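# Notes for the structure review
Spelled out, the chains give:
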Amino acid sequence: MSALVIFGLLLILMLTGMPVSIALGLTVLTFLFTMTEVPIEAVALKLFTGIEKFEIMAIPFFILAGNFLTHGGVAKRMINFASSMVGHWFGGLGLAGVVACALFAAVSGSSPATVVAIGSILLPAMLKAGFPKEFGAGVVTTSGGLGILIPPSIVMVMYAVATNSSIGALFMAGVIPGILLAGFLGFTTWYRAKKFNYPRQPKASLSVRLKTFKDSVWGLLLIVVVMGGIYTGIFTPTEAAAMSAVYAFVIAVFVYKDMTLKDVPRVLLNSASMSAMLLYIITNAVMFSFILTNESIPQSLADWMTAQGMGAIIFLLAVNILLLMAGNFMEPSSIVLIFAPILFPMAMKLGIDPIHFGIIMVVNMEIGMCTPPVGLNLYVASGITKMGITQLTVAVWPWLISMLVFLVLITYVPAISLWFPKLLGVM
């Protein structure tokens, strides 16, 4: 009965168009004051202990690093490097977009930031080269999703906070799936370009490739700083986030000089605004999780599933369907913070690895960001391309199909996610 009241109230509030964070908070407060005996002091205490986790500090730092990189010309240099490497293949600029999104994802941690940074530079170049607008929009919208799968990833940090999982293990687990998904999207791009005979660029000489690599190396080194630092134990993921923010500031302002010191306050303010929004969602989600646990709802659901004889295969199929449906109406942070506390205990009871389960959730979030009506990447791409959401939805479907095939693969072959972190000894 408690579960029906909580989820019913949350659904009704969200259907009114209320922001998810406020809907979560109102649901919790309404339930607390009308249907429980929980002292309000215990809730206040839980609220503070829930958000004082050191790991949460990684979120504002990664947002700040992403903003410095987006404004600091790193994306342009990455596109030039990617284009020199794969531009001579069919759909060369499109393939360069996939590679550039993968590289930028490895330094930003955010999908919308990746779409903005790569799309705003690449799409005009693709149109100028003779590519249809729909093709370019499809490439950038879906490849931008790599921003939350290839580490560092803000969504992975949120999953780790919600489930007490290892951020370092999650980051390492995202490497192979991220590269593999980039391959899936690259193949779709190449196949469609070959089928419709889209333009190719002249093959770049070795000297051009070396020059573009040299130009982009400062941005690429950030990948080494973050991943290398975490793997070698020099610093924690949170400290890596702080390092990446400082590093991004230095290369944007003093190395590439695409930003001036006058631009820094604007970037700081923008980052603070985004961080505050996410931390507000986390705060309300912590309370929501507390109420669920207090009412033993996840445990009751897990017991019910076991009694029905539901195995891991059927459970994971149901999880994918549920998360894909949620992705149509909610943004990734909210989905992770609402559904992870509910689904995680069930997954553990069925013997599913917590890191593997985290990667499955992240891939679902990626697909959700490219589907209407609330796909964040669709809205960002719409602003860049000046295309309607319906037109964009039609444009992305070939890449979405390849992402769904990848989702099935990643769901039922845990070794893809777990091999690398086990090899490195982080799990």
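So, here's what we can say about the structure. (Residues numbered from 1 in each chain as written. Predicted model: local features only at pLDDT ≥ 70, side-chain atom pairs only at ≥ 80, totals over all residues. Heavy atoms only, no water.)

### Structural notes on the nonpolar core
Residues F315, F339 and F357 are the most contacted members of the largest nonpolar core, which totals 151 residues. Discounting chain neighbours no more than four positions away, the residues touching F339 are L322, L323, A326, M330, F344 and M361. (Core = buried A, V, L, I, M, F, W, Y, C linked by side-chain atoms within 4.5 Å. Buried < 20%, exposed > 50% of the residue type's maximum accessible area, 1.4 Å probe, protein only. Contact = heavy atoms within 4.5 Å.)

### Some words on the pattern of salt bridges
If charged atoms from side chains of opposite charge come close, those side chains can pair. All chains considered together, the criterion is met by three salt bridges. In this structure, the salt-bridge partner of R77 is D258, at a minimum N-O distance of 2.7 Å. Placement of R77 in helix 5 (residues 74–86) and of D258 in the loop between helix 13 (237–255) and helix 14 (264–294) is noted, with a sequence separation of 181 residues between them. Residue classification places R77 among the buried positions, given a relative accessible area of 16%. Note on D258: relative accessible area 31%, which makes it partly exposed. D263 serves as the salt-bridge partner of R266, at 3.6 Å between the closest nitrogen and oxygen. In this structure R266 comes out as partly exposed when scored by relative accessible area, which is 49%. (Salt bridge = Lys/Arg side-chain N within 4 Å of Asp/Glu carboxyl O. Helix = DSSP H or I, 4+ residues; strand = E, 2+ residues; numbered from the N terminus.)

### Remarks on the layout of surface pockets
The volume enclosed by the largest pocket comes to roughly 870 Å³. Forming the walls of the largest pocket are 26 residues, and the residues nearest its centre are F7, L11, L322, A326 and F339. Among the secondary structure elements, those contributing two or more residues to the lining of the largest pocket are helix 1 (2–15), helix 15 (297–307), helix 16 (312–327) and helix 17 (332–349). One number sums up the size of the second largest pocket: a volume of about 650 Å³. Contributing to the lining of the second largest pocket are 33 residues, with P112, M274, M277, E331 and L376 lying nearest its centre. Here the element with the most residues in the lining of the second largest pocket is helix 4 (residues 58–71); it accounts for six residues. Its residues assigned to classes, the lining of the second largest pocket shows 20 nonpolar, twelve polar and one charged. (1 Å grid on protein atoms, 1.4 Å probe; cavity = no way out; pocket = protein on both sides within 12 Å on 5 of 7 lines; lining within 4 Å. Points joined across faces, edges and corners; volume = space filled by probe spheres on them. Nonpolar A, V, L, I, M, F, W, Y, C, P; charged D, E, K, R; others polar.)

### A closer look at the packing of aromatic side chains
Under the criterion given, the structure shown has 16 aromatic pairs. Put simply, the rings of F131, F135, F196, Y198 and W399 pair up and form one aromatic cluster. The positively charged end of R77 is found above the aromatic ring belonging to Y256, 3.9 Å away from the centroid. Sitting over the ring of W397, R192 keeps its end group 6.0 Å from the ring centre. (Phe/Tyr/Trp six-rings, centres within 6.5 Å; stacked < 30°, edge-to-face > 60°. Lys NZ or Arg CZ within 6 Å of the ring centre and 35° of its normal.)

### Considerations on unusual backbone geometry
In this structure, P152 follows P151 across a cis peptide bond, with omega equal to 0°. Residues other than glycine seldom take positive phi values, yet K257 does so here, at roughly 60°. Considering the arrangement of structural elements, one finds K257 in the loop between helix 13 and helix 14.

### What to know about the packing of helix 4 against helix 14
Describing two packed helices takes the angle between their axes plus the distance from one axis to the other. Between helix 4 and helix 14, the least distance of the axes is 9 Å, while the angle of their chain directions is 145°. Helix 14 is crossed by helix 4, and the crossing has right-handed handedness. From helix 4, I59, P60, I63, L64, N67, F68 and H71 reach across to helix 14, where they touch V264, R266, V267, L268, N270, S271, M274, S275, L278 and I282. (Axes fitted to C-alpha atoms, helices over the stretch in contact; angles between N-to-C directions. Left-handed = near helix turned anticlockwise from the far one by under 90°.)

### Description of helix 1
Its 14 residues place the ends of helix 1 20 Å apart at the C-alpha level, agreeing with the 20 Å of an ideal helix rising 1.5 Å per residue. Buried residues of helix 1: I6, L10 and L13, and no others. Viewed end-on, helix 1 has its buried residues packed into an arc of 70°, placing them on one side of the element. Exposed side of helix 1, more than 90 degrees from the buried face: L4, L11, I12 and L15 are the residues found there. G17 lies just past helix 1 and shows a positive phi near 95°. (Expected span 1.5 Å × (residues − 1). Arc of directions from axis to C-beta.)

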